[in-house]
Amino acid sequence: GFHQLLIVEWDPFLTMKVLEHWFHRMDDKGWIPREQILGDEALSKVPKQFQIQSPDVANPPALLLSIERLVESADTRSSRIATEVGVDSGGKNDIVDKNEELYNRVYEFLNHIKPYLIKWYKWLKTTQSGPSYGTFRWRGRTKTHTLSSGLDDYPRGAFPSDEDKHLDLLSWMAYSARTLERLFTLLNKYDTLVNNDDTELQKENEKYIKLYHTDKELYLKNLQQHWDIETKLFYDIGVNNMIIDEETRIPSGLDEPRLVKHYGYVSIFPLALRLLQPEDERLGHLIDNIRDEKLGLWSKYGLRSLSSNDELFGKEENYWRGKIWININFLTLKALHKYSSLNGPY
């Protein structure tokens, strides 16, 4: 998904081909395997613990990042992508022809993958659901790792629980619903122009537009559950403590789920995926906190995955516990660039 963010700017036709291959690996229920192990050579390069995969364990829907870019290109019709594809062709007419070719190919591609996207989103929404409607938790979590999230050893609640609510997954789902709402709005415009007498097709598009819009609004509303008024940051909700019997000092169960106050990439997902309105006070607080060197996320090389002030910074595997990752830094930069072009106090 992140690789295609580069490739889509260079060759969107190649991106569509790559994405089609990925979606064709989807099973009947909507699951896409985490590892595409095709043949003995590929198998030899995958650690044994990742070879057997569970069809109820997800990965972030990062393929939607480049799909969003393709939707943008079709939505503007004369997008920058289309122009760049034809830059070396030598003539203005060639650029126009290439633009039209891309425009038509994107619509063809989006219509082709539409059933896959519907199934994929429904699978994510169902299998990764949280303890209450419109909340989500990653499946397959252990005490130290949430491999399904892509953030591996990023610290979560100390005790995996069915009561977990994972902020990054909620953010991904809000982003997914928004992207699909925009995609079906685009297809509805196109289908109205091309098939203006096909009311059944328009009704189907409008059904999905309404579904994804309703879901998006619910997920955005539920972000507030993850907001901490004191630190002005978002966090996961999880179980950090056991209940200890005062007399025997023996654990008798899990404590109530609470905000899991590890400041890192998860805390800025609503910003990185551009989920907050330009006038939202929480956006202003996140921007202030990101650039506050004392809080430990900022460095002169980029944002750390976990604050250097955190007790788990650099501990154990130390994969997503302070290391600087270009993909999350890119999403954050992209978001800041977008917000800088919108009217608002920040």
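Residues numbered from 1 in each chain as written. Predicted model: local features only at pLDDT ≥ 70, side-chain atom pairs only at ≥ 80, totals over all residues. Heavy atoms only, no water.

K.L.:
Any details on the pattern of salt bridges? Residues and values, ideally.
P.N.:
This structure, assessed with the given rule, holds 24 salt bridges. Across the salt bridge formed by R282 and D280, the nearest N and O atoms sit 2.8 Å from each other. Under the relative-accessibility criterion, D280 is labelled buried at 17%. When salt bridges that share partners are traced, they join E9, R69, E72, D75, R182 and K189 into one network. (Salt bridge = Lys/Arg side-chain N within 4 Å of Asp/Glu carboxyl O. Buried < 20%, exposed > 50% of the residue type's maximum accessible area, 1.4 Å probe, protein only.)

K.L.:
Would you mind going over unusual backbone geometry in detail, with residue names and values included?
P.N.:
Comment: phi is negative for the bulk of residues other than glycine, and the bulk of peptide bonds are trans. Even without glycine at this site, D152 takes up a positive phi of about 40°. Residue position: D152 is located in the loop between α6 (92-127) and α7 (167-194). Of note in the backbone geometry, N318 takes a positive phi value of approximately 55° without being a glycine. Along the chain, the position of N318 falls in the loop between α10 (281-290) and α11 (326-340). (Helix = DSSP H or I, 4+ residues; strand = E, 2+ residues; numbered from the N terminus.)

K.L.:
So, the side chain of E68: which residues are in play, and what are the values?
P.N.:
Its place among the elements puts E68 in helix α4 (residues 63-76). A relative accessible area of 5% places E68 in the buried class. Among all residues touching E68, those that are not within four sequence positions of it are Y175, R178, T179, R274 and K334. (Contact = heavy atoms within 4.5 Å.)

K.L.:
Provide a residue-level description of the packing of aromatic side chains, including the pertinent values.
P.N.:
This model, assessed by the stated rule, comprises 15 aromatic pairs. Seen in terms of ring centroids, F23 and Y116 are 6.4 Å apart; in terms of plane orientation they differ by 45°. Their pairing is tilted. With a gap of 93 residues between them, F23 in helix α2 (residues 12-23) and Y116 in helix α6 connect regions that are remote in the sequence. Residue classification places Y116 among the partly exposed residues on the basis of a relative accessible area of 23%. The interplanar angle of 80° and the centroid separation of 6.1 Å between the aromatic rings of W172 and Y175 together place this pair among those described as edge-to-face. One end of the pair, W172, and the other, Y175, are both in helix α7, 3 residues apart, so they sit about a helical turn from each other. You can call W172 buried: its relative accessible area is 3%. These aromatic residues form a ring-pair network of at least three members: Y121, F184, Y208 and Y212. (Phe/Tyr/Trp six-rings, centres within 6.5 Å; stacked < 30°, edge-to-face > 60°.)

K.L.:
Go over the side chain of N329 with me, naming the residues and quoting the values.
P.N.:
Looking at the element boundaries, N329 is found in helix α11. Apart from the residues within four sequence positions on either side, N329 is in contact with Y265, G302, L303 and I324.

K.L.:
Account for the nonpolar core, naming residues and giving values.
P.N.:
Within the largest apolar cluster, 79 residues are counted, with the highest numbers of intra-cluster contacts made by F23, I67, L110, L117 and W120. Counting residues per element, this core draws most heavily on α7, at 14 residues. The residues contacting F23, other than those within four sequence positions of it, are I32, L63, I67, I113, Y116, L117 and W120. (Core = buried A, V, L, I, M, F, W, Y, C linked by side-chain atoms within 4.5 Å.)

K.L.:
Mind laying out the packing of helix α1 (residues 3-10) against α4, listing which residues take part and the relevant values?
P.N.:
Packed helices, taken two at a time, are described by the angle between their axes plus the distance between the axes. Their axes nearest at 8 Å, the elements α1 and α4 cross at an angle of 25°. The orientation of α1 relative to α4 falls into the category roughly parallel. In the packing of α1 onto α4, the handedness of the crossing is right-handed. Between α1 and α4, the contacting residues are Q4, L5, V8 and E9 on the first element and L65, S66, R69 and L70 on the second. Residues of the contact of α1 with α4, tallied by class, amount to 4 nonpolar, 2 polar and 2 charged. (Axes fitted to C-alpha atoms, helices over the stretch in contact; angles between N-to-C directions. Parallel < 35°, antiparallel > 145°, perpendicular 65-115°, else oblique. Left-handed = near helix turned anticlockwise from the far one by under 90°. Nonpolar A, V, L, I, M, F, W, Y, C, P; charged D, E, K, R; others polar.)

K.L.:
Explain the confidence of the model for the protein chain to me, using residue names and the numbers behind them.
P.N.:
Confidence in the prediction of the protein chain, expressed as mean pLDDT, is 90, and 92% of residues score 70 or more. Residue range residues 78-92 is modelled with pLDDT below 50. Its contacts to residues more than four positions away, or to other chains, number 22 contacts. (pLDDT = per-residue confidence, 0-100.)

K.L.:
Tell me about α11, residues and numbers included.
P.N.:
The end-to-end C-alpha distance of α11 is 21 Å, a good match for the 21 Å that 15 residues give at a rise of 1.5 Å each. Those residues of α11 not exposed but buried are N327, I328, N329, L331, T332, A335 and Y339. Elements in contact with the buried residues of α11: α4, α9 (269-272) and α10. (Expected span 1.5 Å × (residues − 1).)

K.L.:
An account of the packing of α1 against α2 is requested, with residue identities and associated values reported.
P.N.:
Look at α1 against α2: their axes get within 6 Å of each other, and the N-to-C directions meet at 140°. The angle between the axes of α1 and α2 places the two elements in the oblique class. Taking contact as the criterion, the partners of Q4, I7, V8 and W10 in α1 are, on α2, P12, L14, T15 and V18. A breakdown of the residues in the contact of α1 with α2 according to their chemical character gives 6 nonpolar, 2 polar and no charged.

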